[in-house]
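Next come the chains, spelled out residue by residue.
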Amino acid sequence: QKPSIPEYPASKPLEPPPPPPTPPSRSLLYRFFAFLFRKTFTSSSERRNRKPPPSPPPSSEYTYYASPPVVKVPQKPSPVSRWFSTSARARARRAPPPPTSQGSYFRRAPLNSYAAARNAEGVITLTAFLGTEGSNVDVDLVVLMAHIQGACKHIGSILSTPKDLQSTPSAYDPPFGNRERENPRSLRTLSNNILHMALRSSGKVAAISSEEDDAPFWFGDSGPYVVVFDPLDGTQAFDELTPTGTMFSIYYRLREADHLPLGQKAAINVMQRGERLVAAGYGIYSSATMMCFSVGTGLHGFTLDSDVGEFVLTHPDIRIPERGSVYSINDGRYFDWSAQLRHYVDTIRQGRGQNSRRYSAKYISSMVADLHRTMLYGGICMNPRAHLHLVHEANALSFLVENGGGRAIDGRRRILEIQPAHLHQRLPLFLGSRADVSELESYGDVQQVININPEYDDDDDYFD
Ligand SMILES: O=P(O)(O)OC[C@H]1O[C@](O)(COP(=O)(O)O)[C@@H](O)[C@@H]1O
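Residues numbered from 1 in each chain as written. Predicted model: local features only at pLDDT ≥ 70, side-chain atom pairs only at ≥ 80, totals over all residues. Heavy atoms only, no water.

Looking now at the overall build of the protein chain. Scanning the protein chain from terminus to terminus reveals 13 helices and 13 strands. Considering the protein chain as a whole, with its 464 residues, one finds that 45% of them fall into the buried category. Counting only contacts in the protein chain whose residues sit at least 6 apart along the sequence, the fraction spanning at least 24 positions is 65%. Carbon and sulfur atoms make up 55% of the accessible area of the protein chain, which totals about 25,900 Å². (Helix = DSSP H or I, 4+ residues; strand = E, 2+ residues; numbered from the N terminus. Buried < 20%, exposed > 50% of the residue type's maximum accessible area, 1.4 Å probe, protein only. Contact = heavy atoms within 4.5 Å. Areas by Shrake-Rupley, 256 points an atom, 1.4 Å probe, with all protein chains shown as cover.)

This next bit is on the site of the ligand. In the vicinity of the ligand there are 15 residues, among which Asp233, Asn330, Tyr363, Met367 and Arg385 approach most closely. Within the side chain of Arg333, a nitrogen or oxygen atom sits 3.1 Å from an oxygen atom of the ligand. Taking Tyr363, its side chain carries an N or O atom lying 2.5 Å from an oxygen atom of the ligand. For the shell around the ligand, the element with the most residues is strand S11 (residues 380-389), which contributes 3 residues. Across the shell around the ligand, the residue classes break down as 2 nonpolar, 7 polar and 6 charged. Two domains share the shell around the ligand, each providing at least three of its residues, namely domain 1 (111-315) and domain 2 (326-457). (Near = heavy atom within 4 Å. Polar contact = N/O pair within 3.5 Å; in protein donor to acceptor, adjacent residues only side chain to side chain. Nonpolar A, V, L, I, M, F, W, Y, C, P; charged D, E, K, R; others polar. Domains from an automatic or database assignment.)

This part is about the pattern of salt bridges. Scanning the entire structure with this criterion turns up 17 salt bridges. For the salt bridge of Arg414 with Glu402, the shortest nitrogen-to-oxygen distance reads 2.9 Å. Residue Arg414 is found in the loop between strand S12 (407-409) and strand S13 (426-432), and its partner Glu402 is found in helix H12 (residues 390-403); the two are separated by 12 residues along the sequence. Of the residues examined, Glu402 reaches a relative accessible area of 28% and is grouped as partly exposed. Salt-bridge contacts for Arg407 lead to Glu441; the nearest nitrogen and oxygen are separated by 2.9 Å. With a gap of 34 residues between them, Arg407 in strand S12 and Glu441 in helix H13 (residues 434-441) connect regions that are remote in the sequence. Given the relative accessible area of 18%, Arg407 is considered buried. Overlapping salt bridges, with partners in common, bring together Arg273, Glu275, Glu402, Arg414 and Glu417 in one network. (Salt bridge = Lys/Arg side-chain N within 4 Å of Asp/Glu carboxyl O.)

A few words on the nonpolar core. With 40 residues, the main nonpolar core has Leu144, Met145, Ile148, Leu199, Ile250 and Phe293 as its most contacted residues. In terms of residue count, helix H7 (residues 139-159) provides more of this core than any other element does, 10 residues in total. With near-sequence residues (within four places) excluded, Phe293 lies in contact with Leu126, Leu130, Met145, Phe248, Ala279, Ala280, Gly281, Gly298, Leu299, His300, Phe302 and Leu400. Counting 26 residues, the second-largest nonpolar core is a separate cluster that includes Cys292, Leu397, Leu400 and Leu429. (Core = buried A, V, L, I, M, F, W, Y, C linked by side-chain atoms within 4.5 Å.)

Attention now moves to the UniProt feature "domain: Fructose-1-6-bisphosphatase class 1 C-terminal" (unreviewed entry) in the protein chain. Those places that UniProt annotates as "domain: Fructose-1-6-bisphosphatase class 1 C-terminal" (unreviewed entry) correspond, in this numbering, to residues 320-443. Structurally, residues 320-443 comprises 35% helix and 20% strand, and the distance from its first C-alpha atom to its last is 22 Å. (UniProt positions renumbered as here; feature names shortened; annotations may be inferred.)

Most of H12 is tucked away: 13 of the 14 residues are buried. Taken from the residues just after H12, Gly405 is the one with a positive phi, measuring 90°.

The next subject is the sheet that holds strand S5 (residues 279-285). Taken together, 8 strands build an open sheet; the order of strands is S2-S1-S3-S4-S5-S6-S7-S8 and the sheet is mixed. Unpaired on one side and paired on the other, strand S2 (217-218) and strand S8 (310-315) mark the two borders of the sheet. Bridge analysis of strand S7 (residues 300-305) against S8 gives 5 bridges, and the strand direction is antiparallel. Across the sheet, residue Gly301 finds its bridge partner in S8, namely His315. (Pairing = 2+ DSSP bridges.)

A separate point is the packing of aromatic side chains. Under the definition given, this model contains 7 aromatic pairs. Clustering of aromatic rings is evident, with ring pairs tying together Tyr334, Phe335 and Trp337. (Phe/Tyr/Trp six-rings, centres within 6.5 Å; stacked < 30°, edge-to-face > 60°.)

This brings us to the domain arrangement of the protein chain. As far as domains go, the protein chain holds domain 1 (111-315) and domain 2 (326-457). Across the boundary between the two partners, domain 1 contributes 43 residues, which contact 30 residues of domain 2. Summed over both sides, the interface between domain 1 and domain 2 buries roughly 2,800 Å², with carbon and sulfur atoms accounting for 65% of that surface. At the junction of domain 1 with domain 2, the criterion picks out 1 salt bridge. Between Arg414 and Glu275 there is a salt bridge, with the nearest N and O atoms lying 3.2 Å from each other. For the interface between domain 1 and domain 2, the tally reads 11 residue pairs in polar contact (both at pLDDT 80 or more). Only strand S1 (205-210), strand S3 (225-233), strand S4 (244-252), S5 and strand S6 (289-294) provide two or more residues apiece to the side of domain 1 that touches domain 2. A breakdown of the residues in the side of domain 1 that touches domain 2 according to their chemical character gives 21 nonpolar, 15 polar and 7 charged. (Buried area = accessible area lost by both parts, 1.4 Å probe.)

Following this line, the structure appears as structure tokens:
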């Protein structure tokens, strides 16, 4: 005999929950005295902190009914409640704070003002982002950055387009031929001219210095800022389409030097220590064009969105990992290195250092690209020979690295503490994850002092 299949009970029809019992109506007089009693015997802070009564546990039978959304209708205070409302002290506490001596614009904005900076497409442009940086950014800096952004977009578009550069405006002096992609020197000159023009037309710059120029330029006493830059780095292997970059550093004009002769005050202004930096950044031209930028309150990355033609915030608050497992150095110069540096590199690539992982080597030979990877994934990025410019390159990169939580040294000292001795001073550079740089430091002197290929780079003044 087949077992009988039990019948399922008919599903229970869903019914709306019973309405809550209505409280017995009280007389108007009773409610008035109850109100007065509450007002008198509870302080305003108690009233504010009072927790709402716990909501009843949801009934399992009626969980299908979503509770209606709570819509807060702003209540007009009745004249009676205003009459009985708060004491003068409580009213003063609620009043908005008096403006500071610098005006409310200069107060540091909380990070959640990112939300307010989003535009209709939901993105935060670099310019809008600057508005969230509070007292670290004034209007002059916003204008200056708009011009630097424009220059980076222009350089990026020239690099990615097989343009006949003869068709670009004649203002780019000297005139360029149409084989510029094969002549990196000219591309560097063109990028230099684009930055010169952008900075001059901003009206916010007193002096500039470029890695491409022998001496600084003085634009005028009215500009509040000084900008130093390398217009296009990493062009040695340009035809291989390696990523390249623009680096820039922004300082305040030294007002105390205003009375000095032109040449002297220009030199003093552009050779400030990295510790005095107001802002710094780089543009990187690769599969995407990006700008990484800091005003001293963290490190942020913006990607050029070609749909809107703007740099938009894609990498907020980049933190360089405390330790990585990648080292970046020109390994072909192994026999030029100091014994200490060779010892360090041999140790980490065998996984015998403080990190038991075997380190991988990644070297693009384009400083901005090597640093960009290091900032995102951690590790250490090194050039032990005195090759990179302190004023035009190393200071900007070190400022960014420190703002991302990393370290930057020349093998002996913190880069940002070094007072430049001359404009085109070059030095070794080691930057990246905090723990990796400290481990390197513990090996002693890691700077490269021997150059067994002197003809390799005869424009280096380090070996003169
Ligand atoms: O030849 P090395 O020691 O590997 O140097 C490579 C470095 O030189 C650079 O190309 C800079 O050189 P330039 O200033 O001459 O352009 C960096 O981008 C790169 O990190």
